[in-house]
Amino acid sequence: MPTEVALALDRAYREERTQLLATLTRQVGGDLGLAEDAVQDAFASAAADWPRRGVPDRPGAWLTVAARRRAVDRLRRDQTRSAHQLALARMEDLVHHDPDIDDTVGVSGPGLTDDRLRLIFTCCHPALGMEARLALTLRSLGGLEVPELARAFLTSEAAMYKRLNRAKRKIVAAGIAYRVPAQHRLPERLADVLRVIYLIFNEGHTATSGPDLVRAELCDEAIRLARLVVRLLPSHAEAAGLLALLLLTDARRSARIGPDGRPVSLDDQDRTRWDAAELTEGIVTLDRAALRREPGPFQLQAAIAALHAQAPSFDDTDWEQIALLYAELERIEPSPVVTINRAIAVAQLEGPRAGLALLATLLDDERLEAYQPLHAARAELLFRGGDFEGSSAAYRRAIELTDNDLNRAALEHRAADRLPTFGSNPPE
């Protein structure tokens, strides 16, 4: 395939696919699986046709017509369902008369924004399991191919195909409507969408298992999805807060990995390696969100990240303000990770014993006995407090619970460096 055609196909896939899939899903009656197959068929046709006939002037319009025709072909092969018969009649009319396609400007129409919102809310519907939401969002909105998804979720391609197909079938079987929720339901449903994007980023930022510390493609896709939501819902403060949080966190990416490939803790990072453009955009985005005076968990986390970003050094960080923000976050959205982070901030202000006192409130919860961040935080604060034996035991437990290879190696190195006898006195 000529290079210019390959580049045009790649650009069309990145720029046109999500909108095309969103619109076609609406036009075929909300059947995401059928629409995705038709879109894939359209790109396959482009890969065969464009090298022979040249790249069309309006690739998006060409792909839209091709996808509609492929959808008609698929609907004609299966008219057993009444919904397919209705969709076929609608699609045949569109194939002969394309009201959303202007040959001079490509794909257009007033419902395009709504189509993308419909797709987002469908992929993140609470009736689907969280893993299905994550995979479906990355596939449909992020455009990740199944092999990429399989690597991201550390599973086989066959298993990922099955997961995606089950999710698409459930959308049809459960009658999940392809629509934006009613205004009174929008806040709770949008919270589901933002949580899915947040979890995608978290898995990219610190991979839970495997050989890599960071999965850059997941971080990039989460930020892209957050930008899309902000563009579609510009007045929603928490959506902007999430985007700000992701940008401010991702800005530290290059400084988080040392020359040996191991993670570098925040206190040891070279701040000159932080991405200044991302930091600036994150702070500006957060400031705009704050103007709406509708604070929420993502905005609070973004404010904490902004304080870290603006501090000249770890020791010069405004720990008092960070501790207050974590206390407020703990009040409105309590979780073990918030308590742990608050404990670390309080320890910076009042000493390790104060931080350990906060962590002690989590130790009686049996559900957290295998929660790695709790043991890692205790190991650090026990060391600072001079309890080397307790710190050693906590480090061992944290290491035992760490699935990510690089994180485990970093903990082992940190423990051995701080506790000279750590490697020579394994537990009985």
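Residues numbered from 1 in each chain as written. Predicted model: local features only at pLDDT ≥ 70, side-chain atom pairs only at ≥ 80, totals over all residues. Heavy atoms only, no water.

A word on the packing of aromatic side chains. The geometry of an aromatic ring pair is captured by the separation of the ring centres together with the interplanar angle, meaning the angle of the planes. Scanning the entire structure with this criterion turns up five aromatic pairs. Both rings, one in phenylalanine 383 and one in phenylalanine 388, keep their centres 5.6 Å apart while their planes meet at 40 degrees; by these two values the pair is tilted. The ring of tryptophan 274 carries arginine 252 above its face, with NZ or CZ at 5.9 Å from the centroid. (Phe/Tyr/Trp six-rings, centres within 6.5 Å; stacked < 30°, edge-to-face > 60°. Lys NZ or Arg CZ within 6 Å of the ring centre and 35° of its normal.)

An ideal rise of 1.5 Å per residue puts 18 Å on 13 residues; helix H18 (residues 388–400) measures up with 18 Å between its terminal C-alpha atoms. Those residues of H18 that sit buried are Gly390, Ser391, Ser392, Ala394, Tyr395, Arg397, Ala398 and Ile399. Those residues of H18 that are buried lie in contact with helix H17 (372–384) and helix H19 (405–418). (Helix = DSSP H or I, 4+ residues; strand = E, 2+ residues; numbered from the N terminus. Expected span 1.5 Å × (residues − 1). Buried < 20%, exposed > 50% of the residue type's maximum accessible area, 1.4 Å probe, protein only. Contact = heavy atoms within 4.5 Å.)

The subject of this paragraph is the confidence of the model for the protein. Residues at a pLDDT of 70 or more form 89% of the protein, whose mean pLDDT is 87. By mean pLDDT, the top-scoring element of the protein is helix H11 (residues 237–250) (97), and the lowest-scoring one is strand S2 (residues 106–107) (39). Across residues 102–112 the pLDDT falls below 50, and counting only partners more than four positions away or on other chains, this stretch makes 17 contacts in the model. (pLDDT = per-residue confidence, 0-100.)

Another point: the environment of proline 126. Tracing the backbone through its elements, the reader meets proline 126 in the loop between helix H5 (112–123) and helix H6 (130–140). Classification of proline 126 by relative accessible area gives partly exposed; the value is 40%. Through-space distance from the C-alpha of proline 126 to that of valine 193 is 9.3 Å; in sequence the pair is 67 residues apart. Excluding its chain neighbours within four sequence positions, the residues that come into contact with proline 126 are Arg133, Arg189 and Asp192.

Here we take up H11. End to end, H11 covers 20 Å across 14 residues, agreeing with the expected 20 Å (1.5 Å per residue, within 8%). With respect to burial, H11 is a largely interior element, 14 of its 14 residues being buried.

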